[in-house]
Structures are given as structure tokens and as C-alpha cells.
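Close look at the chain arrangement
Chain residues, written in single-letter form:
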Amino acid sequence: MRINHNITALNTYRQYNTANNAQAKSMEKLSSGQRINSAADDAAGLAISEKMRGQIRGLDQASRNAQDGVSLIQTAEGALSETTDILQRMRELSVQSANDTNTDADRDSLNKEFSQLNEEVSRIANNTEFNTKKLLNGNFGATVGKAATNDILGTTGVSSVSTSGGLAAGTYTLTKVDATADEAAHYTAKNADGSIKLKSTEDKANGTLVFNVLDANDKDTGVVGFTINTNGGYTVGDATTKNVEVVNGTTNFQIGANKEQTLGLNISNMTSKGLQIDGEDISSYDGAQKAITSLDSAIKSVSDERAKLGAVQNRLDHTINNLSTSSENLTASESRIRDVDYALAA
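Residues numbered from 1 in each chain as written. Predicted model: local features only at pLDDT ≥ 70, side-chain atom pairs only at ≥ 80, totals over all residues. Heavy atoms only, no water.

1. Quick word on the nonpolar core
Within the largest apolar cluster, 41 residues are counted, with the highest numbers of intra-cluster contacts made by Leu 87, Met 90, Leu 136, Leu 265, Ile 267, Leu 275 and Leu 316. Contributions of two or more residues to this core are made by α2 (43-97), α3 (104-127), β12 (262-265) and α4 (285-338). Contact partners of Leu 316, with chain neighbours within four places excluded, come to Ala 66, Gly 69, Val 70, Ile 73, Phe 253, Ile 255 and Leu 263. (Core = buried A, V, L, I, M, F, W, Y, C linked by side-chain atoms within 4.5 Å. Buried < 20%, exposed > 50% of the residue type's maximum accessible area, 1.4 Å probe, protein only. Helix = DSSP H or I, 4+ residues; strand = E, 2+ residues; numbered from the N terminus. Contact = heavy atoms within 4.5 Å.)

Structure below.
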């Protein structure tokens, strides 16, 4: 018999606290549905499951990325389908014009429709977009490379140069235009043959120079050609006579949960010029014969491009299926670590 300490009561109280804490943890798990509600519940399990969660969410987003890629390809292929129909009609007109039963007036009439269709091929290529990205004008995936001579990236204070992808590949030379009474100082830029012109915002010693494309009347179209980022080491006018090299590159779809798990795609120039039919004329026998050959080549080029797009689309469909399977299996594994077993916890 003890007088100063009630050991029996202390033991009972300890057992009560142990049971109460266990019940509280059990209720916490049953309420949340999770076996791990804090790092103290299972430190290693928490770390492993959080890594898995990152992978699962990455896989799910990659699946959505791939679906966006499919939508982009369907947009491009749908436009090329119409281009194929136009080229087939143009070839039909060429064969008709090649027949000497036609008079010169007949051939002129045939050539009018032929010319309009030729322009429509370029219009489709120049205006087909997905999320404002032009797909068929040869610029899909365009990047800034290193010019053979006098490259802009060698200029002190120029930190980077980027293109929006809406500019034809080529070397663009910058020219400094001093400020006038009507406008601030700026740069102009043009490609080798002068067919494409751009104009910058005000020339600044520290900031960003945005070059917009000009139309045939030298009016700003609002389309960004390329952007030059400068820093404190740049002096106004340093970029004069420098070259910006825009090259055709590859647009990447992020189709995995981790770094550099990508699929690349580029689309060739599907304008009349890119298909090498822009100068065709069927108003004469010789011109019609030449057009038949050119159109055969153009139809093949478009068909090859459509076949490539279809192959990539099929690949993305398989990618989506694989990502869904991986996400499902990884989710099941994460659930075994993180989720509570109600039968066991009850």
C-alpha cells in the first residue's frame, strides 16, 4: 500500500491518454481519408508520395499538352486539305488550257481563275493560325540563330534576341534612323532582297527594341518580327548595320512530366512561293504545260506534309494513351502510401 503516489491511477491515466491519442489519430485519418496527414505520421512515406504527386500532375499536364498538339495538327492538316483541293483544280485548269482547241481568249479566262486560286493558296498559308501562331507560312518554329557576319548578338549590351515565329527565315540588317521632328529615333530592318521590312520602337539605351513588320506601303502591321533585349552596357546606335538571323527551327511539345521529354514538329512553307507555283501562268500552251509539272510537284509536297502531320498526330494519340496509363498506375501506387485503409483504421 502506497500513500504518496497513486500508481494505479497514474497507469490508468497514461493508458487513457494513449487510447485517446490513438483514437484522435484514427478519427483524423478517417475524416481526411489520408493515412499521412502530417510529416510525423510517416516522414519517408510523405517524401515519396509528394514526389509521386509531382510526377502524376506532370503526366496529367503532359497529356493535356499532347491533346493541344493534336488540335494544332488538325488545324494545319484541315487547311492543307483545302489547299490540296485548290491545287487539283489548278491542275485541271492547266490540262484544259493545254488543249489547242482553246482560243487565246479562252486561255485568258482560264488563267483568271488559275491566278485567283494561286493567290488563295498563299492566303490560306498566311492566315491559318493556332493560338495566334501561324502554321503554314514557313515560320512555325522559327528561331534566332547566328548570322554569318556581323551578328547582332556580338553587340555590347545586347542580352538576347527572339522572334515571334511570324517572320520569314533570312538575314535582316539593321539601319539607324535619327530622330526627326515627327518621330523619335528608331531602327529599320530588311532582309537581303528588301522584300520584308521592319521598324523598331524608339531606340533606347536600356530596355527592349520591338521590331514590327511593315506592309507594302511601309505601314506598321502590328505583327512582331523580332525583339532585341538590351542592358546597361548598350549605347544608342550600337546595333546599326548589325544582322539578325532568323532560321527555321522546331516547335516542341512537352509530352512528358520531366525535363526535355518533348516531341518536335516543323511545317514547311505552304504558300505559292514555298510550293514554287507563284510564277505560273496558263494563258499560253507552253505555260500550261509547265504549270502541270509544277503542280504535280506542289501536290506531292502538300501530300507529303499532310502525311507527316498525320503520322505525328497518330504518335501523339499513342502518347496520350501511355500518359493516361502511367498516371493511373502511379496514382494507385501513391494511394497505397498516402490513403487510409478504412477497415484497418476503424
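2. A few points about the sheet that holds strand β7 (residues 197-200)
Taken together, the eight strands give an open sheet; going across it, the order is β3-β10-β5-β6-β7-β8-β9-β4, and neighbouring strands pair in antiparallel fashion. Both edges of this open sheet fall to β3 (143-145) and β4 (158-163), since each of them pairs with a single strand only. Each neighbouring strand pair of the sheet contributes to a mean axis angle of 30°, computed without reference to strand direction. Bridge count for strand β5 (residues 170-177) against strand β6 (residues 186-190) is five bridges, and the pairing is antiparallel. In the sheet register, Lys 176 faces β6, and the bridge partner there is Tyr 187. (Pairing = 2+ DSSP bridges. Axes fitted to C-alpha atoms, helices over the stretch in contact; angles between N-to-C directions.)

3. Looking at α3
The end-to-end C-alpha distance of α3, which contains 24 residues, comes to 34 Å, matching closely the 34 Å that a straight helix rising 1.5 Å per residue would cover. Among the residues making up α3, those that are buried are Arg 107, Leu 110, Asn 111, Phe 114, Leu 117, Asn 118, Val 121, Ser 122, Ile 124 and Ala 125. In this structure, the buried residues of α3 make contact with α2 and α4. (Expected span 1.5 Å × (residues − 1).)

4. Topic: the pattern of salt bridges
If you walk through the whole model with that rule in mind, you get 13 salt bridges. In this structure, Glu 77 engages Arg 306 in a salt bridge whose closest nitrogen and oxygen atoms are separated by 2.6 Å. Of this pair, Glu 77 sits in helix α2 while Arg 306 sits in helix α4, and the two are 229 residues apart along the sequence. With relative accessibility at 24%, the residue Arg 306 sits in the partly exposed group. Here Lys 176 makes a salt bridge to Asp 178, at a shortest N to O gap of 3.5 Å. (Salt bridge = Lys/Arg side-chain N within 4 Å of Asp/Glu carboxyl O.)

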